[in-house]
Each structure stands twice: as C-alpha cells, then as structure tokens.
Amino acid sequence: MVSEFPWLTTLWLLPVAGAVFALALPASQRLLARCAGLAVSVAVLAVAVGVAAGFEPGGEQFQFVESHTWIPAFGAGYTLGVDGIALVLVLLTAALVPLLILAGWRDEREVGTGRRVAHTYVALTLLVEAMVLVSFLALDILLFYVFFEAMLIPMYFLIGGFGPRTDEAQARRQRSRAAVKFLLYNLLGGLLMLAAVIGLYVLTIREGLGDGSAGTFDLRTVVAAANAGELGADPVVLNALFLGFMFAFAVKAPLWPLHTWLPDAAVAATPSSAVLMMAVVDKVGTFGMLRYCLLLFPAASHTYAPLIVTLAVVGILYGALLAIGQTDVMRLIAYTSISHFGFIVLGIFAMTSQGQTGATLYMVNHGISTAALFLVAGFLVSRRGTRLIADYGGVQKVAPVLAGTFLIAGLATLSLPGLAPFVSEFLVLIGTFSRYQVAAIFATGALVLAAVYVLWLYQRMMTGPVTDGNENVKDLESRELLVVVPLIGALVFLGIYPKPVLEFIDPAVNQTLITIGSEDPQPSAPATPVADSANPGGAHNER
C-alpha cells in the first residue's frame, strides 16, 4: 500500500534531527544532549511500532511506499517501502538504539578532553541509526548504495574516537588502526558494489526499462525484468555483477575470510558502539544478500550457492574454534559473532523456506543475544579495568545479578532451547539439511563448540573463589538493569513464543522464493502408507 503520511521518512529523519539538535546545544549542556538523544531514539521506536501495527502480513509485498523523483537524469528516485523482512530489522534497530544510548551514558567521557564530546557521541550514534534505517527501507538501488556507504563515516568516528577507558598511547594507536581497517575493508567492498550498480544500470538503459534515454534504479522494476529474463545480459556478466554485490555484503556481514576487521573494531570501540556495529550495522550485509543478491540475480545466486554455503560453514566452525582460544573476553564474543553470521548466510543460501525464515529470525535474535552478552561483559570490564579472562574469578559471589545475566546471555549465544537463538538456528539447520546435508552436519558441530567456549568462559570468570582484584566488583546498578532486563526478557519471550516475529517474516520469505523460482526440496522417497488400526486391511474410508 502507498502511505499517505510519510511514516518511513519520519522514521529516519527523526534521528537526523536529533543529531543536529544535540550538536547545536551549548557545550555545557552535556546531560541535555544525552537526554535528547535518548528521547529521540524512543520516539523512533514508537514510530517503528506504529508502522508494525499498520503492516498487513498477508497484504502487498512492500507497504507504506513513498516514491518521489530524486535524480531524473539517472532514473533514480527517493523510493521507500517495507516488507516483513525489513520490518523486523527496523524494529530491532529502533529497539536497540535507546538501550545502547542508555548503556553508553558515560562512554563519551572515557576518552578525549573536548567539551563537546558528549554531543558528538550522541549525534554519531543517531546518524548511524538513520542511515541503517534508510538501507532497510530503500527501494531504489542507488539510494541504498549511498546510505550503505555513508554509514561508514559516523561508525568510523565512533570506533576511532571513543574507546574503552585508557590514556595509553598504544591503546589509542590500536583504536586508530582498527577504525582505519574497518573503513578500508568496507570501502573496498563498496567500490566493487559501485561498479556492479553502474553495470546493472547500463543494462536497464540497454533494455529500455527507464523513461526515455535514462535507465532506472527502481528495485521492483529491475527485479521484475531480471526474473522475466528481460535484462538480456550474458550469464557471465550477470555473475560478475552478482559477485560485486556479494563481495560488499560479505565484507559488511562479515563472512569468512573477509572478517578480520571485526574483532579489532569490536575490541577498540566502546561496548555500546561495538554492539551498534555487530548487532545493527552488520545486519545490512546479510539483509543485502536477501534483498539484492537473490532478487536481482536469481540464476547467479543458484550458481554460487554451493560455494557460499561452504564459506559459511567454514566461518561457523572457524569463529567457534577461535573463540575457544581467546584470552580477551571482548574478543571472544566478537569471534562468536563471526560464527553466528555464518549461520545466517548458510540459511539465506540454502534457499529453502525454513532456511531463509531461520536466517531472518537469526538476524533479530543475534542482535538481542549479542547486545546482552557484550554489554554485560562491558559493564564488568569497566568495573575491573581489564579484558583478560585470567584476571577474573568468583564474580558470582560478589555480583550475582551481573553473573546471572551474563550466564543467560551466554546460554542464548550457544542456542539453548527455550531462548530465542535456538528457534532460528534450528530452522537454519533444518532448511539447510534438506538441500545440503553435509554442510548441515558440519554446521551442527558448532553447537558443541559453542557450549565449550560459553561454559568454559563462565567457569573461569564467574565461579570458584573470589580472586585478587575482584572483591570490590559491584553488581549491576539501576541504569544497567534498565538496559539488560529488556534484552533478557526478549530472549526468553522469543524463545518460547516466536510467532509474532515469524508472522511478519514468513510471507516475505515465501515471496522471495517465488520471485527467484526456488522451491523446497521434496522427500526423495515416497511416504509409506500406514495401516489404520481400526482398518487392518489398509482400506481408507472416504470422508
């Protein structure tokens, strides 16, 4: 449906306005800048909930559509719309940002001496939120690309300019290197994607898909032409264009072996900024695979699916194995995300309804579980002043609530039944097994590895006698509980009752599979009739 009121524009312009307001405040109004950022992020969440309430899961594929001319000479438009997949990611983003602002209430004071540090920190966070929201909502390929790249700028400054509390010159250099590495990796991916976007645009000109001599960047028009075979390009060209998009998304996600920037950036940033990156920004990569790689290049997606599935399985096992060997608690959690992103990519390219539903749900559940675990670990590290696992021990005796929430978040990370990630991981494995049995079997091995790194981590840090230096570790305070309790509640609720989220996801996934011409594999052996106990002869009664 076409929206009369620009709800989607309002959704992303609110954080932009909040960022401008924070920067415009006098330097002395640090508290007001933080409060304004929190209030704006809550307002964004309210708008997102309103959009979800008005969304019809069984209705048109894209709803609340807004379309305006942007660059007519190029056939580019300002076109926004939301389907079920984008909607759940919008809700995830809108729900996490207020919690992250609250969790990082004092993060901006941990580095730098500038009087406007708080204002800048809040503004950068809100700008990242705005650009991520546009990326999820864009129905114009050029519009998506612009914001896909633009979000790197505020994220770069959050990583390089705001880090854990330390004044050591070496730590500052490491932070700077991590930020530059993050930026260069993603810019390289974006450069290849830009070449693919231009190539795709040239095809639309050649096939007369736009108005007059211009081509078009309208996603819906190009997808319809691609799936009708009207792009008229050689399969080699389409494969090359697919790889251009896929490389950029694989860096952003990140997918092994393009993952090496993630652990460095996660450790260098503040816990809140690291969660913003891993739980929100990186989801744009996996979302792009679903929205752009599959829909624009269905044939190429099928061609490269076995290779991508293999890389995903390697990433799953690689991330889990490296997590086991870490001595830094924050780096350990970062490596678990590499393993989890492998599961998401695996579900996407299994190209089954269970796999893609599980992958989309996994994006949501990973965002919640990673936020809970990383933030609780960050609260602990800020108290103790060290990230080394060996420096902890017996924390559950002095901070039982902190240790308990850490345990629940850790159990969610290993996909314990009853917690949210279990449902999504189970769906991914079922959907993958029906098409790639060997890959599913290897991926299942990560469940054992996850139990090793999570339970061993908890044992070393939280159990046993209280070691030197941990006697005065304080339990979670009220502000921190306001952050952690909703995350733990969401993990339990979605673990027991995921239906509200799946109602949005299922129709969108089915539409994606229909568009790319993919069907779930059928059982290879016919079902054997079972004799009715009331009818031993095997005859079937007519009803």
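Residues numbered from 1 in each chain as written. Predicted model: local features only at pLDDT ≥ 70, side-chain atom pairs only at ≥ 80, totals over all residues. Heavy atoms only, no water.

Going by what an unreviewed UniProt entry lists, the chain is known as NADH-quinone oxidoreductase subunit M and is assigned to Nocardia donostiensis. In its Sequence similarities (unreviewed entry) section, UniProt records this for the chain: "Belongs to the complex I subunit 4 family." (UniProt positions renumbered as here; feature names shortened; annotations may be inferred.)

Caption draft 1: Expanded view of the overall build of the chain. Counting its regular elements, the chain contains 21 helices and 2 strands. By the compact-globule yardstick of 24 Å for 543 residues, the chain fits well, its C-alpha radius of gyration being 24 Å. Seen through its C-alpha atoms, the chain measures out along the principal axes to roughly 70 × 70 × 40 Å. By the burial criterion, 58% of the 543 residues in the chain qualify as buried. (Helix = DSSP H or I, 4+ residues; strand = E, 2+ residues; numbered from the N terminus. Rg over C-alpha atoms; globule rule 2.2 N^0.38 Å. Buried < 20%, exposed > 50% of the residue type's maximum accessible area, 1.4 Å probe, protein only.)

Caption draft 2: Broad picture of the nonpolar core. By size, the foremost hydrophobic cluster in this structure holds 204 residues, and its most contacted members are I141, F245, M277, L296 and F349. Element by element, the count of residues in this core is highest for helix α15 (residues 353–384), at 16 residues. (Core = buried A, V, L, I, M, F, W, Y, C linked by side-chain atoms within 4.5 Å.)

Caption draft 3: Structural view of the side chain of D140. Along the chain, D140 turns up in the loop between α4 (117–137) and α5 (141–150). Within polar-contact distance, the side chain of D140 engages the backbone nitrogen of G77 at 3.0 Å. Apart from residues no more than four positions distant in its own chain, D140 is found in contact with W70, G75, A76, G77, T79, F217, D218, L219 and Y292. (Polar contact = N/O pair within 3.5 Å; in protein donor to acceptor, adjacent residues only side chain to side chain. Contact = heavy atoms within 4.5 Å.)

Caption draft 4: Broad picture of a nonpolar patch on the surface. Taken together, the side chains of V492, F493, I496 and Y497 define a hydrophobic patch exposed on the protein surface, amounting to about 390 Å² of accessible area. Within the element layout of this structure, V492 appears in helix α20 (residues 478–496). Given the relative accessible area of 33%, V492 is considered partly exposed. (Patch = residues over 30% accessible without salt bridge, like charges linked within 9 Å, V, L, I, M, F, W, Y side chains within 5 Å. Areas by Shrake-Rupley, 256 points an atom, 1.4 Å probe, with all protein chains shown as cover. Salt bridge = Lys/Arg side-chain N within 4 Å of Asp/Glu carboxyl O.)

Caption draft 5: Seen up close, the packing of aromatic side chains. Within this structure, the stated rule accounts for 20 aromatic pairs. An angle of 85° between the planes, with centres 5.6 Å apart, marks the rings of F148 and F249 as edge-to-face. You can see F148 sitting in helix α5 and its partner F249 sitting in helix α9 (residues 235–252), a full 101 residues away along the chain. A residue is classified by how much of its surface remains accessible, and F148, at 1% relative accessible area, is buried. (Phe/Tyr/Trp six-rings, centres within 6.5 Å; stacked < 30°, edge-to-face > 60°.)

Caption draft 6: Focus on helix α19 (residues 437–462). If you check α19, its first and last C-alpha atoms are 38 Å apart, about what 26 residues at 1.5 Å a residue would give, namely 38 Å. Inspection of α19 places A439, A440, A443, A446, L449, A450, Y453, V454, L457, Y458, M461 and M462 among the buried residues, and these make up the whole buried set. Of the surrounding secondary structure, the elements contacted by the buried residues of α19 are α13 (298–324), α14 (329–350), α15, α16 (395–398), α17 (400–413) and α18 (420–433). Positioned one or two residues after α19, G464 has a phi angle of 80°, which is positive. (Expected span 1.5 Å × (residues − 1).)

Caption draft 7: Structural view of empty space enclosed by the protein. Summed over all chains, the structure comprises 5 cavities of 30 Å³ or more. The volume enclosed by the largest cavity comes to roughly 60 Å³. Along the walls of the largest cavity sit 13 residues, with H340, F343, E425, A446 and A450 positioned nearest its centre. Broken down by element, the residue count for the lining of the largest cavity peaks at 4 residues, all from α19. (1 Å grid on protein atoms, 1.4 Å probe; cavity = no way out; pocket = protein on both sides within 12 Å on 5 of 7 lines; lining within 4 Å. Points joined across faces, edges and corners; volume = space filled by probe spheres on them.)

Caption draft 8: Region of the structure containing the pairing of strand β1 (residues 63–71). Note that β1 and strand β2 (residues 76–82) share 6 bridges and pair antiparallel. Residue pairing for β2: H68 is matched across the bridge by Y78. The hairpin formed by β1 and β2 contains 4 residues between the paired strands, and G75 there has a positive phi angle of roughly 75°. (Pairing = 2+ DSSP bridges.)

Caption draft 9: Spatial organisation of the pattern of salt bridges. Inspection of the entire model under this criterion finds 8 salt bridges. The partner of R479 in a salt bridge is E477, with the nearest N and O atoms 3.5 Å apart. With relative accessibility at 16%, the residue R479 sits in the buried group. Given a relative accessible area of 35%, E477 falls into the partly exposed group. Connected through shared salt-bridge partners, K181, D264 and R331 make up one network.

Caption draft 10: Main features of the packing of α4 against α5. Across the interface, α4 lies against α5 with an axial gap of 9 Å and an inter-helix angle of 150°. Regarding the angle of α4 to α5, the classification is roughly antiparallel. Considering only the axes of α4 and α5, their crossing is left-handed. Mapping the contact onto sequence places M131, V134 and S135 in α4 and L143, F144, F147, F148 and A150 in α5. In terms of residue class, the contact of α4 with α5 is built from 7 nonpolar, 1 polar and no charged. (Axes fitted to C-alpha atoms, helices over the stretch in contact; angles between N-to-C directions. Parallel < 35°, antiparallel > 145°, perpendicular 65-115°, else oblique. Left-handed = near helix turned anticlockwise from the far one by under 90°. Nonpolar A, V, L, I, M, F, W, Y, C, P; charged D, E, K, R; others polar.)

Caption draft 11: Spotlight on the pairing of β2. Within β2, 7 of the 7 residues are buried, leaving the element largely enclosed by the surrounding structure. Residues A76, Y78, L80 and V82 of β2 are buried on one face, and the alternating residues G77, T79 and G81, pointing to the opposite face, are buried as well.

Caption draft 12: Region of interest: the packing of α14 against α18. Their axes nearest at 9 Å, the elements α14 and α18 cross at an angle of 40°. The angle between α14 and α18 falls in the class oblique. Taken as a pair, α14 and α18 cross one another with a handedness that is left-handed. Residues F343, L346, G347 and A350 of α14 form the contact with α18, whose participating residues are E425, V428, L429, G431 and T432. In the contact of α14 with α18, the residues fall into 5 nonpolar, 3 polar and 1 charged.

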